[in-house]
Amino acid sequence: ARNFPFRKQQSDLDIELDDHTADEDYLAAWQTGVTCALDLADADLAIYLAGADPYIGDRLGRLSVSKAGLMARDQFVMQTCQVRGIPVAVVMAGGYAKSIADIVDIHYKTIEIAAESGLTYLV
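Below: a short report on this structure. Note that the coordinates shown come from a computational prediction; the quantities given were computed from them, not determined experimentally.

1. Overview of the overall build of the protein
A count of helices and strands for the protein gives three helices and three strands. For the protein, the N- to C-terminal ordering of α and β elements is α-β-α-β-α-β. Relative to the compact-globule value of 14 Å for 123 residues, the protein shows a C-alpha radius of gyration of 14 Å, a close match. When its C-alpha atoms are laid out on the principal axes, the protein stretches across 35 × 35 × 25 Å. Put simply, the protein has 123 residues, and 35% of those count as buried. Counting 10 positive and 18 negative side-chain charges, the protein places the averaged centre of each group 9 Å from the other.

2. As for empty space enclosed by the protein
Overall, the coordinates contain one cavity of 30 Å³ or more when judged by the stated rule. There is about 40 Å³ of room inside the largest cavity. Lining the largest cavity are Lys67, Leu70, Met71, Asp74, Asp105, Ile106, Lys109 and Thr110. Elements represented by at least two residues in the lining of the largest cavity include exactly helix H2 (67–84) and helix H3 (100–117). Among the residues making up the lining of the largest cavity, the classes are represented as three nonpolar, one polar and four charged.

3. With respect to the nonpolar core
Core analysis: the biggest nonpolar cluster contains 14 residues, and Tyr48, Val77, Met78, Cys81, Val88 and Val90 have the highest contact counts within it. Here the element with the most residues in this core is H2; it accounts for four residues. The next biggest cluster of nonpolar side chains, apart from the first, holds 12 residues, and it includes Leu17, Tyr26, Tyr55 and Leu63.

4. A word on unusual backbone geometry
Phi is positive for His20, close to 70 degrees, though the residue is something other than glycine. Mapping His20 onto the fold places it in the segment before helix H1 (23–41). On the basis of relative accessibility, which here comes to 60%, the residue His20 falls in the exposed class. Of note, Asp42 is a non-glycine position whose phi angle comes to about 50 degrees, a positive value. Within the secondary structure, Asp42 is located in the loop between H1 and strand S1 (46–51).

5. A few points about the packing of aromatic side chains
According to the stated counting rule, one finds two aromatic pairs in the structure shown. Relative to Trp30, the ring of Tyr26 has its centre 6.0 Å away and its plane inclined at 20 degrees; by these criteria the two rings are stacked. A residue pair is termed a helical-turn pair when its members lie 3 or 4 positions apart in one helix, as Tyr26 and Trp30 do in helix H1 at four residues. Of the residues examined, Tyr26 reaches a relative accessible area of 5% and is grouped as buried. Taken together, the ring pairs in this structure connect Tyr26, Trp30 and Tyr48 into an aromatic cluster. When the ring centre of Trp30 is taken as reference, the NZ or CZ atom of Arg73 above it lies at 5.7 Å.

6. Brief notes about the state of the cysteines
Tallying each qualifying case throughout the model produces zero disulfides. No disulfide involves Cys81; its sulfur sits 14 Å from that of Cys36, the nearest cysteine.

Definitions and limits used
Residues numbered from 1 in each chain as written. Predicted model: local features only at pLDDT ≥ 70, side-chain atom pairs only at ≥ 80, totals over all residues. Heavy atoms only, no water. Helix = DSSP H or I, 4+ residues; strand = E, 2+ residues; numbered from the N terminus. Rg over C-alpha atoms; globule rule 2.2 N^0.38 Å. Buried < 20%, exposed > 50% of the residue type's maximum accessible area, 1.4 Å probe, protein only. Lys, Arg positive; Asp, Glu negative; His and termini not counted. Charge placed at Lys NZ, Arg CZ, Asp CG, Glu CD. 1 Å grid on protein atoms, 1.4 Å probe; cavity = no way out; pocket = protein on both sides within 12 Å on 5 of 7 lines; lining within 4 Å. Points joined across faces, edges and corners; volume = space filled by probe spheres on them. Nonpolar A, V, L, I, M, F, W, Y, C, P; charged D, E, K, R; others polar. Core = buried A, V, L, I, M, F, W, Y, C linked by side-chain atoms within 4.5 Å. Phe/Tyr/Trp six-rings, centres within 6.5 Å; stacked < 30°, edge-to-face > 60°. Lys NZ or Arg CZ within 6 Å of the ring centre and 35° of its normal. Disulfide = S-S within 2.5 Å.

Note that every value here comes from positions in space, so none of it alone points to a role or purpose.
In structure tokens:
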């Protein structure tokens, strides 16, 4: 809710999360949002902006999601799109953790999960 950009435009689907939202609440909101977006879009392709900034160690993000939580997020997107027969274009984004190794690890896991899905385009 209070993350960048500070002045937000209203869209068709807005989900606000409190600062320090952790895995359980983040994933519940994420699953609701992804399902709703895919239902509304009737999409032939999903473009997935796989941000690393929800990570608990991120200096700019305000959320507190673990690496395991981010992996669960990625797996949910891939599995949901696979069931629906929707290919996914994955775009890496964000990542301002103090440790560059954490950012690399998060993005690597996203790529690994995407590649295993068999229906993904990596950008």
